[in-house]
Amino acid sequence: QVQLVESGGGLVQAGGSLRLSCAASGNIFNIMGWFRQAPGKERDFVAAVSNSGGTTKFADSVKGRFTVSRDNAKNTVYLQMNSLKPEDTAVYYCAARRGTVVFTTPSMYDYWGQGTQVTVSA
């Protein structure tokens, strides 16, 4: 059974950093992604990484501030978030995709974690 478990969320001041982790069980997926959802808003793409780590993709809103990486030996993907802004506040979700192409659409991902709250205070 596939499980994705996120950790690392919390409360941080603007300008601070957090690192989110997502531990996957059951499979090593080709594409691992991060999405976020603020209250009353749709779930938005944040970042994704390919199996080898050689391909990454980021939302324009986080480019230059966030990085994504993965450790396949631990079956874990990371989202390093720097220079955080209040508008980054959201529940962050890890997602896994069996296919080999990076998509930014939530419906293209096959498995989801339960989410972890990130709150950035001004």
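Above this note sits the structure.
Residues numbered from 1 in each chain as written. Predicted model: local features only at pLDDT ≥ 70, side-chain atom pairs only at ≥ 80, totals over all residues. Heavy atoms only, no water.

Attention now moves to the overall build of the protein chain. The helix and strand tally for the protein chain stands at 0 helices and 11 strands. For the protein chain, the succession of helices and strands along the chain, N to C, is β-β-β-β-β-β-β-β-β-β-β. Whereas a compact globule of 122 residues would reach a radius of gyration of roughly 14 Å, the protein chain reaches 13 Å, a difference of no more than 12%. The buried share of the protein chain, reckoned over its 122 residues, is 42%. For the protein chain, restricting intrachain contacts to residue pairs at least 6 apart in sequence, the fraction spanning at least 24 positions comes to 58%. (Helix = DSSP H or I, 4+ residues; strand = E, 2+ residues; numbered from the N terminus. Rg over C-alpha atoms; globule rule 2.2 N^0.38 Å. Buried < 20%, exposed > 50% of the residue type's maximum accessible area, 1.4 Å probe, protein only. Contact = heavy atoms within 4.5 Å.)

Now for the pairing of strand β5 (residues 44–49). Summarising burial for β5: 5 of the 6 residues are buried, a large majority. Across 5 bridges, strand β4 (residues 31–37) lies against β5 in antiparallel orientation. Paired with R36 across the strands is D44, a residue of β5. Linking β4 back to β5 in an antiparallel pair, the connection comprises 6 residues, with G40 at a positive phi of about 75°. The pairing of β5 with strand β6 (residues 56–58) spans 3 bridges and is classified as antiparallel. Residue pairing in the sheet places V49 in a bridge with T56 of β6. Hairpin connection from β5 to β6: 6 residues lie between these consecutive antiparallel strands, with G53 at a positive phi of about 85°. (Pairing = 2+ DSSP bridges.)

Residues T116, V118 and V120 point to one face of strand β11 (residues 116–121) and are all buried, whereas Q117, T119 and S121, pointing to the other face, are not buried. Of the pairings in the sheet, the one linking strand β2 (residues 10–13) to β11 comprises 4 bridges and is parallel in character. The partner of G10 across the bridge, within β11, is V118. Relative to β11, strand β9 (residues 90–97) runs antiparallel, the two being bridged by 3 bridges.

This part covers the pattern of salt bridges. What the rule picks out here adds up to 4 salt bridges. Across the pair R65 and D88 runs a salt bridge, and its minimum N-O distance is 2.8 Å. Taken together, the positions of R65 in the loop between β6 and β7 (66–71) and D88 in the loop between β8 (76–81) and β9 put the pair 23 residues apart, joining distant regions of the chain. Here R65 and D88 have matching classes, each one buried. Its salt-bridge partner being R98, residue D110 comes within 3.5 Å of it at the nearest N-O pair. Taken together, the positions of D110 in the loop between β9 and β10 (111–112) and R98 in the loop between β9 and β10 put the pair 12 residues apart, joining distant regions of the chain. Put simply, R36, R65 and D88 are held in one network by salt bridges that share partners. (Salt bridge = Lys/Arg side-chain N within 4 Å of Asp/Glu carboxyl O.)

Treat this as a map of the structure, not an account of what it does.
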